[in-house]
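Residue strings, one per chain:
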Amino acid sequence: MTETSGCDLRRGTAAAALVLGCLAVMGCAQTGAVDSAATAADPPAKIAAWEWWRDLSSVASLPDGHRTVMRSSHCPSGCEFDRHSEGDSRFIRVREDGEGVIFSTEGAGAVTRIWMVMGDGVSEPLDPSIRLRVRIDGRRRPVVDLPLPDVFSGAVAPFLAPMVADRTVSGGGNASYVPIPFVDGCEITLVGADESKIWFQVNARLVEDASGLKSFTGRGSFPGFRSLLARTGSDPWRGGPFPTLSGSVVLAPGGAEVIADLAGPDVVNGIIIRTPRENWGRLGLRFTFDDHDPFLVPLLDLFGVVRANQPAARSLFFGADADDDFYFYLPLPFFDRAVIELMRRPVEGPPGVSVEYAVRRSGTSPPDDAGLFGFQIRDTRNDAGDATAAMIELEGRGSLVGVFASFGPASGDVWNYLESDEELYIDHEATPSWRGTGIEDFFNGGFYFRGPDGRPEPFTQPLHGAPVVWFHHRASPAMYRLFLGDAVVFEDGLKLEFERVSGAEEVRVRTVALYYSSPEEDGERPPVGE
């Protein structure tokens, strides 16, 4: 292997291209608008968790005093539908002025995600006669007062694409990731929705320390955030050039090769793997960070692919680009040593599998509160007698930053299992912090990912997507979602479950969780899976 830190253009051999640089996938400074975003030479003193795009290494942080909450149109006990409608209200309360409150919290923090759908069997355009209003800090005057379509169209500031996505590009769902910070409470209401069928979810991140926090004004357009999301599929990291190890190996069945052995403290901020598709299912990466146990991750799971002959995820931080090169850009901090090994499964196949690779590091220390990256894979089966199926179970202190999941029914064109609602338990609580409205809603779709023509359609967005919805004429979606501003923080464990829908078929589920855990935890990690 060789280490470089130059700006080699994407030309010549694949190995040379994977050195990465200007006009390539990794390596040199990015240009474009920034909202006072930090650079490696000018790190910020303090960044709010929902402004992670200002310093991508902050994604790995485990700050004290943070809490994640969600309010949704989830069906309480005894009702039938997970939506608000006439005579079946999901409002928290109705204000004296007639506005229906769908979210309310005290203290400081930020709304980090708003998701909504309307329709009857298929996702329909949001009703322009309904308005969404956001009030913060006890003020009577809203900082947001817009018709619903304008919140998600991507054309009305500050709710601009690609921070928001409407039903035509988000599998039937409407989602916004525009952060709305507040220092003394937040209330979100709907005006004119009393008789409408509407599903909704609102996520917020709450903080104990409000020092330095600036409340939302309703002005501005977050150019740095938008510019970053628009580069999805290419390198999201600014700064550099960064030290990069690159090379090529040929692996026999059961073979292994160390492709990076790095001294800390540092942060791995880019991994590229190039090999023909027929090899994707034969390979994996094994990571060892500091004195923790190593864990092996199949390439397909690491980069968001169910099967080598299917489309991959194309998220901001992991997936496959237009050339079928795998990329992984989540920050991987370490304080003493990091070892990354490329491994081949001990199964039959060609005598040698050729792989080109590049591993890049920032050359700077991680944040003081950085966690160590972890990976959990769970294969579960939701049988007829099961009330719920556990998707993710983590122990200790940490932060969930991503989920990739694939579902498969026992028979063909059956979609009703997507009606399962998620329940998220944090720190062994008795009542879940999150109660959702359905699997496709969790991944920001809607109505079984049906697009404007009424058929389920695959889609990819920077922070969520469903690159696959069908497989061999079966309703077998593969879905991903990144939790960045809305990362799920926990002090003593996390459990994500999906309920079993009455009458739904047996469902097989594979869930991949990406998370950070406290370096002070012992060397054992949750099982990665087979």
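Residues numbered from 1 in each chain as written. Predicted model: local features only at pLDDT ≥ 70, side-chain atom pairs only at ≥ 80, totals over all residues. Heavy atoms only, no water.

As for the overall build of the protein
Logical step 1: Looking only at helices and strands, the protein features five helices and 36 strands.
Logical step 2: For the protein, the proportion of its 530 residues judged to be buried stands at 59%.
Logical step 3: The contacts in the protein between residues at least 6 apart in sequence include a share of 77% that link residues at least 24 apart. (Helix = DSSP H or I, 4+ residues; strand = E, 2+ residues; numbered from the N terminus. Buried < 20%, exposed > 50% of the residue type's maximum accessible area, 1.4 Å probe, protein only. Contact = heavy atoms within 4.5 Å.)

Description of the pattern of salt bridges
Logical step 1: Taken as a whole, this structure holds 26 salt bridges when the rule is applied.
Logical step 2: Close ionic contact of Arg-139 with Asp-137 constitutes a salt bridge, the shortest N to O distance being 3.6 Å.
Logical step 3: For Arg-435, the salt bridge is made with Glu-423, and the minimal N-O distance between the two is 3.6 Å. In this pair, Arg-435 sits in strand 30 (residues 434–435) while Glu-423 sits in strand 29 (residues 422–426), placing the two residues twelve residues apart along the sequence. (Salt bridge = Lys/Arg side-chain N within 4 Å of Asp/Glu carboxyl O.)

Here we look at the sheet that holds strand 35 (residues 494–499)
Logical step 1: The strand order 27-35-29-30 describes an open sheet built from four strands, whose pairing is antiparallel. Each edge of the sheet is formed by a strand with only one pairing partner; in this case those strands are strand 27 (388–394) and strand 30.
Logical step 2: Here two bridges tie strand 29 to strand 30, and the two strands are oriented antiparallel to one another. What sits directly across from Glu-423, in strand 30, is Arg-435. (Pairing = 2+ DSSP bridges.)

Things to note about the environment of Leu-394
Logical step 1: Within the fold, Leu-394 resides in strand 27.
Logical step 2: Measuring from C-alpha to C-alpha, the distance between Leu-394 and Gln-376 comes to 8.4 Å, with 18 residues separating the pair along the chain.

Some points on unusual backbone geometry
Logical step 1: Cis geometry is adopted by the peptide bond preceding Pro-158, which originates at Ala-157 and carries an omega value of 0 degrees.
Logical step 2: The residue Pro-158 is located in the loop between strand 9 (155–156) and strand 10 (159–160) in this model.
Logical step 3: With omega at 5 degrees, the peptide bond leading from Gly-240 into Pro-241 counts as cis.
Logical step 4: Here Pro-241 shows up in the loop between helix 3 (223–230) and strand 16 (244–251).
Logical step 5: Phi at His-428 takes a positive value of approximately 60 degrees, unusual for a residue other than glycine.
Logical step 6: Take His-428: it is sitting in the loop between strand 29 and strand 30.

What about the pairing of strand 27?
Logical step 1: Taken across its seven residues, strand 27 has five buried, putting it largely inside the fold.
Logical step 2: Looking at chain direction, strand 27 and strand 35 are connected through six bridges and run antiparallel. In the sheet register, Glu-393 faces strand 35, and the bridge partner there is Lys-495.

So, the packing of aromatic side chains
Between two aromatic rings, the relevant description is the distance of the centres plus the angle of the planes.
Logical step 1: Evaluation of the coordinates by the stated rule reveals 24 aromatic pairs.
Logical step 2: Look at Trp-199 and Phe-447: their rings are 5.2 Å apart centre to centre, the planes differ by 75 degrees, and that puts the pair in the edge-to-face class. Of this pair, Trp-199 sits in strand 15 (residues 199–207) while Phe-447 sits in the loop between helix 5 (439–442) and strand 31 (459–460), and the two are 248 residues apart along the sequence. The same class applies to Trp-199 as to Phe-447, namely buried.
Logical step 3: Relative to Phe-326, the ring of Phe-303 has its centre 4.3 Å away and its plane inclined at 0 degrees; by these criteria the two rings are stacked. (Phe/Tyr/Trp six-rings, centres within 6.5 Å; stacked < 30°, edge-to-face > 60°.)

Brief notes about the side chain of Ser-227
Logical step 1: Summarising the element assignment, Ser-227 is placed in helix 3.
Logical step 2: Take Ser-227: its relative accessible area is 19%, and that puts it in the buried class.
Logical step 3: Within the structure, Ser-227 has its side chain in polar contact with the side chain of Arg-231 (distance 3.1 Å). (Polar contact = N/O pair within 3.5 Å; in protein donor to acceptor, adjacent residues only side chain to side chain.)

Regarding the sheet that holds strand 20 (residues 295–298)
Backbone hydrogen bonds hold the strands of a sheet together, and the pairing may be parallel or antiparallel.
Logical step 1: Ordered by their spatial adjacency, four strands build an open sheet running 17-24-19-20, and the pairing between neighbours is antiparallel. Of all the strands in the sheet, just strand 17 (256–263) and strand 20 have a single pairing partner and so form its edges. Direction aside, the axes of adjacent strands within the sheet are offset by 20 degrees on average.
Logical step 2: Direction of pairing for strand 19 (residues 283–289) relative to strand 24 (residues 337–344): antiparallel, over a ladder of seven bridges. From the neighbouring strand, Thr-288 faces strand 24, where its bridge partner is Val-339. (Axes fitted to C-alpha atoms, helices over the stretch in contact; angles between N-to-C directions.)

Describing the confidence of the model for the protein
Logical step 1: Of all residues in the protein, 85% have pLDDT values of 70 or greater, and the mean over the chain is 86.
Logical step 2: Overall, residues 6–44 carries pLDDT values under 50, and its contacts beyond four positions in sequence, including any with other chains, amount to 95 contacts.
Logical step 3: Long-range and interchain partners of residues 522–530, a stretch whose pLDDT sits below 50, account for 26 contacts in this model, where long-range means more than four residues apart. (pLDDT = per-residue confidence, 0-100.)

Remarks on the environment of Asp-88
Logical step 1: Tracing the sequence through the fold places Asp-88 in the loop between strand 2 (66–72) and strand 3 (93–94).
Logical step 2: As for Asp-88 and Lys-197, which are separated by 109 residues in sequence, their C-alpha atoms are 9.4 Å apart.
Logical step 3: A polar side-chain atom of Asp-88 sits 2.8 Å from a polar atom in the side chain of Arg-90.

Some thoughts on the environment of Val-468
Logical step 1: Looking at the secondary structure, you find Val-468 in strand 32 (residues 464–471).
Logical step 2: Between the C-alpha atom of Val-468 and that of Glu-457, which follows or precedes it by eleven residues, the distance is 8.2 Å.
Logical step 3: If sequence neighbours within four positions are ignored, Val-468 has contacts with Gln-310, Pro-311, Pro-458, Ser-476, Pro-477 and Ala-478.

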